[in-house]
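Structural overview for review
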Amino acid sequence: DGVAILPAPQNLSVHSTNMKHLLMWSPVVVPGEIIHYFVEYQGEYESLYMSHIWIPSSWGSPTEDPECDITDDITATVPYNLRVRASLGSQTSAWSTLQHPFNRNTTILTPPVMEVTKDGFHLVIKLEDLGPQFEFLVAYWRREPGAKEHVKVVRSRGIPVHLETMEPGVPYCVRVRTLVKAIGRHSPFSQAECVKVQGETLPL
Amino acid sequence: AVLCISGGLPKPTNITFLSINMRNILQWSPPEGLQGTEVTYTVQYFIYGQKKWLNKSECRNISRTCCDLSVETSDYEHQYYAKVKAIWETNCSKWAETGRFYPFLETQIGPPGIALTTDERSISIVLTAPEKWKRNPEDSSLSMQQIYSNLKYNVSVYNTQSNRTWSQYVTNHTLVLSWLEPDTLYCVHVESFVPGPPRLARPSEKLCVRTLKDQTSAVKV
Amino acid sequence: GLRRCLISMDIHHIEETFQEIKKTIQAKDTFQNVTILSTPETLHSIKPLDVCCMTKNLLAFYVDKVFKDHQELNPQILRKISSIANSFLYMKKALQRCQEQRQCHCRDEATNATRIIHDNYDQLEVRSAAIKSLGELDVFLAWIDKNHQGPSA
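Quick summary incoming for the structure in this document. Predicted model only: the values in this text are computed from it and were never measured.

So, the state of the cysteines
Residues and elements named next belong to chain B. Under the definition given, this model contains five disulfides over all chains. The disulfide partner of C187 is C208, and the S-S distance across this bridge is 2.0 Å. Between C187 and C208, the disulfide has an S-S torsion of 105 degrees and is therefore right-handed. Taken together, the positions of C187 in strand β15 (residues 185–193) and C208 in strand β16 (residues 207–210) put the pair 21 residues apart, joining distant regions of the chain.

Observations concerning the packing of aromatic side chains
Under the criterion given, the structure shown has 21 aromatic pairs over all chains. Taking 5.1 Å as the distance between ring centres and 20 degrees as the angle between the ring planes, the aromatic pair formed by F104 of chain B and Y148 of chain B counts as stacked. Note that F104 of chain B is positioned in helix α1 (residues 103–106) and Y148 of chain B in the loop between α2 (144–147) and β12 (152–159), a separation of 44 residues in sequence. Neither F104 of chain B nor Y148 of chain B differs from the other in exposure class; each is buried. What links up through ring pairs into an aromatic cluster is the set Y45 and Y49 of chain A together with F61, Y62, F67, F88, Y121, F140 and W143 of chain C. Over the ring of W95 of chain A we find R83 of chain A; its NZ or CZ atom is 4.0 Å from the centre of that ring. Residue placement shows R100 of chain B over the ring face of Y48 of chain B; its charged tip is 3.9 Å from the ring centre.

Points about the interface of chain C and chain B
Listed per partner, the contact involves 26 residues of chain C and 23 residues of chain B. On the chain C side of the interface with chain B, the three residues burying the most area are Q32, N33 and K146 of chain C, jointly 28% of the side's total. Between the two partners, chain C and chain B, sit three salt bridges. One salt bridge connects D29 of chain C with R100 of chain B, and the closest N-O pair in it is separated by 2.9 Å. Where chain C meets chain B, there are 12 residue pairs in polar contact (both at pLDDT 80 or more). Those elements that provide at least two residues to the side of chain C that touches chain B are α2 (11–19), α3 (22–27), α7 (126–135) and α8 (137–149) of chain C. With six residues, α8 of chain C is the single largest residue contributor to the side of chain C that touches chain B. Its residues placed into classes, the side of chain C that touches chain B shows five nonpolar, 11 polar and 10 charged.

As for the nonpolar core
Formed by 107 residues in total, the largest nonpolar core has its most connected members in I125 of chain B together with F88, M91 and F140 of chain C. A per-element tally of this core places helix α5 (residues 75–100) of chain C first, with 12 residues. Among the domains, domain 1 (5–105) and domain 2 (109–220) of chain B are the pair contributing at least three residues each to this core. Once residues lying within four places of it in the same chain are set aside, the contact partners of I125 of chain B are I114, A115, L116, V155, H173, T174, L175, L177 and V188 of chain B. Ranked by size, the runner-up nonpolar core spans 26 residues in total, among them Y140, M166, Y172 and A182 of chain A.

What counts and what doesn't
Numbering of residues starts from 1 in each chain and follows the order in which that chain's sequence is written. Starting at A for chains and at 1 for ligands, labels are handed out in the order in which the entities are written. In view of the model being predicted, local features appear only for residues whose pLDDT reaches at least 70, and side-chain atom pairs are presented and counted only at 80 or more, with totals across whole chains, interfaces and linings using the full set of residues. Derived side-chain values reflect all non-hydrogen atoms in the structure, with water molecules and hydrogen atoms excluded from consideration. Pairs of cysteine sulfur atoms within 2.5 Å are what we label disulfides. By the criteria applied, helices consist of DSSP H or I runs no shorter than four residues and strands consist of E runs no shorter than two, each listed in order from the N terminus. Aromatic pairing here means that ring centres of Phe, Tyr or Trp (its six-membered ring) are within 6.5 Å. Orientation follows from the plane angle: under 30 degrees is stacked, over 60 is edge-to-face, and everything else is tilted. For every residue, the accessible area (1.4 Å probe, protein chains only) is compared with the maximum for its type, and the residue is labelled buried under 20%, exposed over 50%, or partly exposed between those bounds. The rule is short: NZ of Lys or CZ of Arg within 6 Å of the ring centre and within 35 degrees of the ring normal puts a charge over the ring. Working rule for contacts: check all heavy atoms of both residues, and any pair within 4.5 Å makes them a contact. A simple way to read buried area is as the amount of 1.4 Å-probe accessible surface that goes missing from two parts once joined, with both sides added. Salt bridges are counted wherever a side-chain nitrogen of Lys or Arg sits within 4 Å of a carboxyl oxygen of Asp or Glu. In protein, a polar contact means a hydrogen-donor-capable atom and an acceptor-capable atom, both N or O and within 3.5 Å, with residues adjacent in sequence counting only if both atoms are side-chain atoms; elsewhere, any N or O pair within 3.5 Å suffices. Gly counts as polar in this scheme, as do all residues outside two lists: the nonpolar Ala, Val, Leu, Ile, Met, Phe, Trp, Tyr, Cys and Pro, and the charged Asp, Glu, Lys and Arg. Put simply, buried Ala, Val, Leu, Ile, Met, Phe, Trp, Tyr and Cys residues joined by side-chain atoms within 4.5 Å make one nonpolar core. The domain boundaries here were taken from an automatic or database domain assignment.

Printed below as a string of structure tokens:
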């Protein structure tokens, strides 16, 4: 009846960076044919309490590419089982299941892209929008001996944020790291960027 | 109550609560095809978990398409339903009912009051927390901050000369923007924000103020 | 204790997830005159000292009972419920660890309030009880959020 003639997809793996999770596998090749893949997931809740339940992925059921963005499926910090099967017309392969369940707390966190600018005497930072789960820990200081580092937690979502009013002639430096409360982790700090307000003019 | 043939009219449509700072107004649209006719409406409300529907006497046989249920829904930690039916001559519609209304989560937080004062190089912004709706003007005021302890303000500042905008979240009620450009028009608007489930927001009006001309000549060091 | 026990938790994301299915779920609850969580003797009467234990008990109520008793056919809603269920499972385990470290103390007050909720649940037919409890998730989540922030008005 057309079941399991197709080989099951192999080499399943998850690539996860900044809470974006991509499930990948080796393509099933039938010359001249387009293979469709169906991806399903099961959180720890389902595997413990409803082991028969597998949920079709939001974006990968079906898909023609040997990969599927499972970011919208992995929405809790628990282990998730993932499986894929191939389909060609009435033929479907067996399920191929990810060897180890995936937990989003293993995602790779990288420092955000930042743009440090000034508007007159005002130090302003603009940070990339990495999504609602991200906060940014912004550290800034005056580049001079004994300067104290100030810290601000920002959820800017791509809008310029005011950091400090600068004194002319003194360089101000900024570095940033991402914070993801949902997994209790943060990225390394970015490189520091410094700006200075020119001029020795001191308004009275 | 005058008896009418139920279902003789189509139901009112788009029945929802419009809630701002816990002022909860039920509003709806006339039944299809009956705009402009002399239809009247009757409203009832229900406290979730209680036993029966209750009348709102001031909204019996009314011709307007809204009804203020702020008093009846003032306990913002409860949930409510409301329903309205249309009456025209001897016919009336079936009830049109809202979904479950939860003021604590659904009310829109109005913008704070804003006062701006300026000198040559600074603007001071004084914010007044939005107030919870109150039945009588002489009743004591309750700030929305007392209901939402994590209420913050998103202050956006637009420098009309550099065409640059920046914002900052503040929790206290005074903010001084210093070392600004003299003789420059700055525009400010402020939005109240409560972290939590998405909530409609009502940004303030945009207020603009010009910093004063630089009265003194700059001193070279 | 709730703040200390539930450090890495994004309650707002769970609230957003529920908000997307709330109208659909609540519309299926036809018993408007009955509530499971919102009786005066339950959530609204819990003292700060009992918040952590009550949270743990209610997470267990949802994970062990409500989500199992509710059978969802719509895949969109199933995804959202799965997301909430797995988040609750994560939080429940975090609070259980906290209890083992004696930072989530349980007193009779929380136990009695929990029993009232279970009694309210058991008085309804199981599917109706499950859909009603799901429909009241906004009450539970708002209560957690309020107590997770610390003392307020």
